Every structure is written in structure tokens, then in C-alpha cells.
Amino acid sequence: MRDKRLQGLSWCMVFVILDAIQAVYFGGILQEVDGFVLGGLVFGLSASACIFWSAVFRPEQFRFARLNLAAVIGLNVTAAGGWLFYLLAVQMIEPAVSFTIFAGSVPLVTIAAAYFGVPEAEAPRNRQELIGNSILALGLLTLAAITLLGLSGFVRGDNIAAATGLVFSLIAGVLITGMLLYGQRLDRVGLDPVTQFGLRFPLFVLLCAVGVVLGVDSKGSIKIDELLVPVAVGLVVLAFPIYAVQKAISLTTSLTIAALAGTAPLFVFLFQVLEGRVALSFYTTIGLCICFLGSIFGALGAASEDRKKALGGGA
């Protein structure tokens, strides 16, 4: 049991670090390339490969999917909505801010879902988690205020664009939390991570195709050779983190995953500094520091709770 939880934490960290890399890297790429083309190719190719693998080696998995069709549809809707809103948001405001609101809202929404009776969600399990998430909420509000006041490092437009980017980031975080909770529900009925990955993206790919046809995010003509590198990198830093978090779902609890996801902005900030594309803002740094403090408190509280369960042999 202890090894299982350690594996879960390890998969969480793989998800956090790779997701942070994509938040910075694709913030720039998506200002040059149609996000619907890139997202559709990355997730379409990876999902097709997973569905093919399951059809050949685990065909019984599709029976579990049919028996839990409502949850599979919920997984599709939340995954599609979450990533589409995020792909739009990260182009409009500072990547570190967008991703912090996106990832930082996950533990807060998980807690809120628990109070509304969602069985897979969890309320804070100890005082440290409660304090950490309260500080995190304060940090997110600070970042929102900084962005609206024009004190962040980057906004692609005026105050309306800033507000839209913030709202899109929050909506994306809410929907991705729903994706995690649906994933945990399906894991409990036997749907494995590979099959879940493949079945979560058909709606997303369809919406991407519609977006391409309508030219929602069109940035001119696209050459195939110009897409090869972004798609290849996307398979690693966009697609694989989703598989990593699905593996984590099968090994640990929703609030532990959410707490570690809340630490991702620290890595986003570090990678943003290294990349140097977006100007650094002193005020953004203050907001991020508040979020870091809260997320670290929350993650330590989650780790403490997991350790207790591991030593006690709990599930």
C-alpha cells in the first residue's frame, strides 16, 4: 500500500512538471499556430493509439465503458471544455498567471465538490490542508487583481482581454477538476488508464475540427513541416501528462492529486524565467509566492494524510 501511494505521488509529479513545461512552451507556440489544429492532432493521434491498444489487448475494457456511459460522456465533456478554455486562456494573459489559476483552482473546486456531495471529491482532511487551501485562494484572488490592474507581465489586449483570460482559466480549472473526478469514478469500476485516455478525447477532437473549419483561432496558412516539432513536443508535454494523472488517479486520492497540482505554478514560474519570452512582473511574483505558500502547505498536509493511511494500511 505504501509503495502504491508513493507511485501515485511520483506520477503526480510527472504530470506537474510536464504540464508546467507545456504551459510556458505552448503559450508562445499558440500565438503562432492554430490551437485547434495543434490540439486536435496531439490528442487525436495519442487517443487513437490508446484506443487501438485497448481494442487489441484489453477489449473487455469497452464493456466497462458501455456500462458506465454517462461517466464516459462526462469525462469527454469536462476534458474537451477544460482544454479548449485553457488553450484560449494561455494566449491572452501571462502564462504563469493563467496556469496558476487553472491548476490552483483544482484543489479548491475539489473541496467545493465534496461539500456538494460529490462522492469522489474530498474536504480538507487536516488543519494543514485547510490553511494551505485558504492561502491558495487568497493568492489566486491576488493574481486576478494584479492582472486586471495591468500589473502582470503580459496581457494580449485591454482589460476585457485580461478579464476574459482570467474567466477562461477558472472555467478550465473547474472542468479539469470534473475530468479528474470522473476519471476516479471510472477507475473504481475497472476502466484502466490507457482506455480512459483514449475515450476521453473524441469530443475534444470533434470540437477542434469544428474550430478549424470555422477559423476560430486561425493564424493564416499552416505548413505540415511547421507542425511536426510542436506536435511531437505536444505528445510529450500535452498528452503524456494526462496519462500520468490518470495513473495517479488509480493509485492515490483526488485531494492529494489536486494538492500536488497546486504546486505546478512554481515550476511554471521557473520555466517562464528560463524561457525569457514574457516580461517578469514584481507584482505577479508576489501573487505567485502567496499561491506557492498555500500549495506547499496543502501538499504537505496531503502527504501527511497519505502517510498515515499507508502506515495504517488504509485504502
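Asks: What am I meant to see in the packing of aromatic side chains here?
Replies: Pairs of aromatic rings are described using the distance from one ring centre to the other and the angle between the two planes. Following the criterion strictly, the structure yields 16 aromatic pairs and no others. Each ring, one from Trp11 and one from Phe240, has its centre 6.2 Å from the other, and the planes form 50°; the classification is tilted. Of this pair, Trp11 sits in helix H1 (residues 2-29) while Phe240 sits in helix H10 (residues 224-249); the two residues are 229 residues apart in sequence, bridging distant segments of the chain. The class for Phe240 is partly exposed, based on a relative accessible area of 34%. By way of ring pairs, the aromatic residues Phe43, Trp83, Tyr86, Phe99, Phe102, Phe197, Phe201 and Phe204 are connected into one cluster.

Asks: Please explain the nonpolar core as it appears in this structure.
Replies: Across soluble globular proteins, nonpolar side chains show a tendency to be buried alongside one another. Counting 74 residues, the largest nonpolar core has Trp83, Met179, Phe201 and Phe204 as the members making the most contacts within it. In this structure Trp83 touches Asp19, Gln22, Ile176, Met179, Phe201, Phe204, Leu238 and Ile242, once residues within four positions along its chain are discounted.

Asks: I would appreciate a short explanation of the environment of Gly117 in the present structure.
Replies: Note that Gly117 resides in the loop between helix H5 (95-115) and helix H6 (127-148). By relative accessible area, which is 53% here, Gly117 ends up exposed.

Asks: Would you mind showing me how to read the pattern of salt bridges here?
Replies: In a structure, side chains of opposite charge can pair up when their charged atoms sit close to one another. On inspection of all chains with the given rule, the structure shows five salt bridges. Arg125 is the salt-bridge partner of Glu122, the closest N and O atoms lying 3.8 Å from each other. The network of salt bridges with common partners includes Arg58, Glu60 and Asp192.

Asks: Would you take a moment to explain H6 for this structure?
Replies: At 3.6 residues per turn, the α-helix brings residues three or four places apart onto the same side. For H6, built from 22 residues, the straight-helix expectation of 32 Å at 1.5 Å per residue is met to within 8% by its first-to-last C-alpha distance of 32 Å. Looking only at H6, the buried set comprises Glu129, Gly132, Asn133, Leu136, Gly139, Leu140, Thr142, Leu143, Ala144, Ile146 and Thr147. The opening residue of H6 is Asn126, an N-cap whose side-chain oxygen sits 3.2 Å from the backbone nitrogen of Gln128. Where H6 terminates, the next one or two residues include Gly150, which has phi positive at roughly 75°.

Asks: I tried to follow helix H4 (residues 69-89) on my own but got confused; where do I start?
Replies: Here H4 contains 21 residues, and its C-alpha end-to-end distance of 30 Å stays within 8% of the 30 Å for a straight helix at 1.5 Å per residue. Counting buried positions along H4 gives 15 out of 21 residues, so the element sits mostly inside the fold.

Asks: I tried to follow the packing of helix H2 (residues 35-57) against helix H9 (residues 202-214) on my own but got confused; where do I start?
Replies: In a pair of packed helices, the angle between the axes and the distance between the axes together describe the arrangement. Closest axis-to-axis distance for the H2/H9 pair is 8 Å, and the angle between their directions is 150°. With respect to H9, the element H2 is oriented roughly antiparallel. Crossing geometry of H2 relative to H9 is assigned as left-handed. When H2 is examined against H9, the residues Phe36, Val37, Gly39, Gly40, Phe43 and Gly44 are found in contact with a partner set consisting of Phe204, Val205, Leu207, Cys208, Gly211 and Val212. Partitioning the contact of H2 with H9 into residue classes produces eight nonpolar, four polar and no charged.

Parameters and conventions
Residues numbered from 1 in each chain as written. Predicted model: local features only at pLDDT ≥ 70, side-chain atom pairs only at ≥ 80, totals over all residues. Heavy atoms only, no water. Phe/Tyr/Trp six-rings, centres within 6.5 Å; stacked < 30°, edge-to-face > 60°. Helix = DSSP H or I, 4+ residues; strand = E, 2+ residues; numbered from the N terminus. Buried < 20%, exposed > 50% of the residue type's maximum accessible area, 1.4 Å probe, protein only. Core = buried A, V, L, I, M, F, W, Y, C linked by side-chain atoms within 4.5 Å. Contact = heavy atoms within 4.5 Å. Salt bridge = Lys/Arg side-chain N within 4 Å of Asp/Glu carboxyl O. Expected span 1.5 Å × (residues − 1). Polar contact = N/O pair within 3.5 Å; in protein donor to acceptor, adjacent residues only side chain to side chain. Axes fitted to C-alpha atoms, helices over the stretch in contact; angles between N-to-C directions. Parallel < 35°, antiparallel > 145°, perpendicular 65-115°, else oblique. Left-handed = near helix turned anticlockwise from the far one by under 90°. Nonpolar A, V, L, I, M, F, W, Y, C, P; charged D, E, K, R; others polar.

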